[in-house]
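# Residue-level structure breakdown
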Amino acid sequence: MEIKVDFATEKDLDAVYSLNQENLRENVPNQKEGFLTFNPSKSDWKKYINNKLIVVAKDKNFVAGYLLIFDEPPNNEFFNPIVKGIKKLKIKHYFLLAQDCIHRDYRGKGILNMLYDKIKQIYKKKYHFGIGEIEESNKISYYVHINKIGMEKIGEYFFEGFKWNLVSLNLRK
Ligand SMILES: CC(C)(COP(=O)(O)OP(=O)(O)OC[C@H]1O[C@@H](n2cnc3c(N)ncnc32)[C@H](O)[C@@H]1OP(=O)(O)O)[C@@H](O)C(=O)NCCC(=O)NCCS
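Residues numbered from 1 in each chain as written. Predicted model: local features only at pLDDT ≥ 70, side-chain atom pairs only at ≥ 80, totals over all residues.

## Some details on the nonpolar core
The following threshold applies: Working definition: the nonpolar core is a set of buried Ala, Val, Leu, Ile, Met, Phe, Trp, Tyr and Cys residues, joined through C-beta atoms within 7 Å. Remark: C-beta atoms are placed from the backbone, and a residue is labelled buried if 20 or more other C-beta atoms sit within 10 Å of its own, exposed if 12 or fewer do, or partly exposed between those counts. Helix and strand labels come from DSSP, where a helix needs a run of H or I of at least four residues and a strand needs a run of E of at least two; each type is numbered from the N terminus. Contact between residues is assigned whenever the C-beta positions, reconstructed from backbone atoms, fall within 7 Å.
In terms of nonpolar packing, the biggest core is built from 44 residues, with Ile54, Val55, Tyr66, Leu67, Ile69 and Leu115 touching the most fellow members. Looking at this core, the element that brings in the most residues is strand E4 (residues 94-102), giving seven residues. For Leu115, the contacting residues outside a window of four places in its chain are Val5, Val55, Ala57, Gly65, Leu67 and Asp100.

Following this line, the structure appears as structure tokens:
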């Protein structure tokens, strides 16, 4: 296995979209392995790729995982409560760590960390913080982002009946 991390290109669109769809809460066989909530259309994924908002970890040509960020928070019902929470905390100079996913066959190998290292490299001059959101019952995701990636919990909010934790990565630490 030789993993390389770089911006996604349109060649990766199908793989990234499939990873997102397969790992949505309603599609995972066991929520203990983690799950995704934000579910953009395929044309939105294409837009994100073209705007260089996605980095992918690849094993040769196989997409083993991705990380989606937003430097301009999208104005939609999923992200509005997050942005509101961040404003309340008076955090400035941040971007959103919107979603990450590692293919089932590649988990437990530290690949998520590689994606975050790349994003840190790209954004640490421009931003101070990367802020993400993790639904309370996604225990593995919370464990990994706090203990492996080095994020810290900075707040919480409720959205569609679920409790969400706001987590922050200090890019300059
Ligand atoms: C959460 C997730 C991104 C972690 O990615 P990862 O690259 O496996 O992270 P790591 O390699 O750092 O693994 C960390 C932990 O995963 C667990 N793990 C280990 N092997 C595993 C495997 N084969 N399958 C699942 N989890 C495993 C372990 O608890 C490990 O921690 P440990 O090394 O201290 O025992 C990944 O599980 C995933 O994509 N889940 C589905 C989508 C999701 O929940 N995304 C986050 C949304 S907020």
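## A few points about the site of the ligand
Our working rule: Using a C-beta atom placed from the backbone for every residue, we mark a residue as near a molecule or strand if that atom lies within 6 Å of it.
In the vicinity of the ligand there are 21 residues, among which Gly34, Arg107, Gly108, Leu112 and Ser141 approach most closely. Elements that contribute at least two residues to the shell around the ligand include exactly E4, helix H4 (111-123) and helix H5 (139-147).

## Focus: the sheet that holds strand E2 (residues 54-59)
For clarity, the cut-off: For two strands to be treated as a pair, DSSP must find at least two bridges joining them. Note on geometry: axes are C-alpha line fits, over the in-contact stretch for helices, and angles between N-to-C directions span 0 to 180 degrees.
Across the sheet, seven strands lie side by side as E1-E2-E3-E4-E5-E7-E6; this open sheet has mixed pairing. Bordering the open sheet on either side are strand E1 (3-7) and strand E6 (152-159), each of which pairs with just one other strand. Ignoring strand direction, the axes of neighbouring strands in this sheet form an average angle of 25°. Examined bridge by bridge, E6 and strand E7 (residues 162-170) share seven bridges and lie antiparallel to one another. The residue bridging Gly155 from the neighbouring strand is Leu166, located in E7. Strands E2, strand E3 (62-70) and E4 of the sheet are contacted by helix H1 (residues 13-22), whose axis makes an angle of about 80° with E3.

## A word on the pairing of E2
The pairing of E1 with E2 spans five bridges and is antiparallel. Paired with Asp6 across the strands is Val56, a residue of E2. Across six bridges, E2 lies against E3 in antiparallel orientation. Paired with Ile54 across the bridge in E3 is Leu68.

## Quick look at the environment of Ile122
Note on placement: Ile122 falls in helix H4. With 92 residues separating them along the chain, Ile122 and Asn30 place their C-alpha atoms 34 Å apart.

## Points about the packing of H1 against helix H2 (residues 42-50)
Working note: a packed helix pair is described by the angle between its axes plus the distance between those axes. Inclusion rule: Orientation labels follow simple angle bins: below 35 degrees gives roughly parallel, above 145 gives roughly antiparallel, 65 to 115 gives roughly perpendicular, and whatever is left gives oblique. Here a crossing is called left-handed whenever its near helix is offset anticlockwise from the far helix by less than a right angle, and right-handed whenever the offset is clockwise. All residues other than Ala, Val, Leu, Ile, Met, Phe, Trp, Tyr, Cys, Pro, Asp, Glu, Lys and Arg, Gly among them, are scored as polar; the first ten of these are nonpolar and the last four charged.
The geometry of H1 relative to H2 is characterised by a closest axis approach of 10 Å and an angle of 125° between their N-to-C directions. Taken as axis vectors, H1 and H2 run oblique relative to one another. In this structure, H1 crosses over H2, and the sense of that crossing is right-handed. On H2, the residues touching Leu13, Val16 and Tyr17 of H1 are Lys42, Trp45, Lys46 and Ile49. Taken together, the residues that form the contact of H1 with H2 break down as five nonpolar, no polar and two charged.

So yeah, pure geometry; function would need other evidence.
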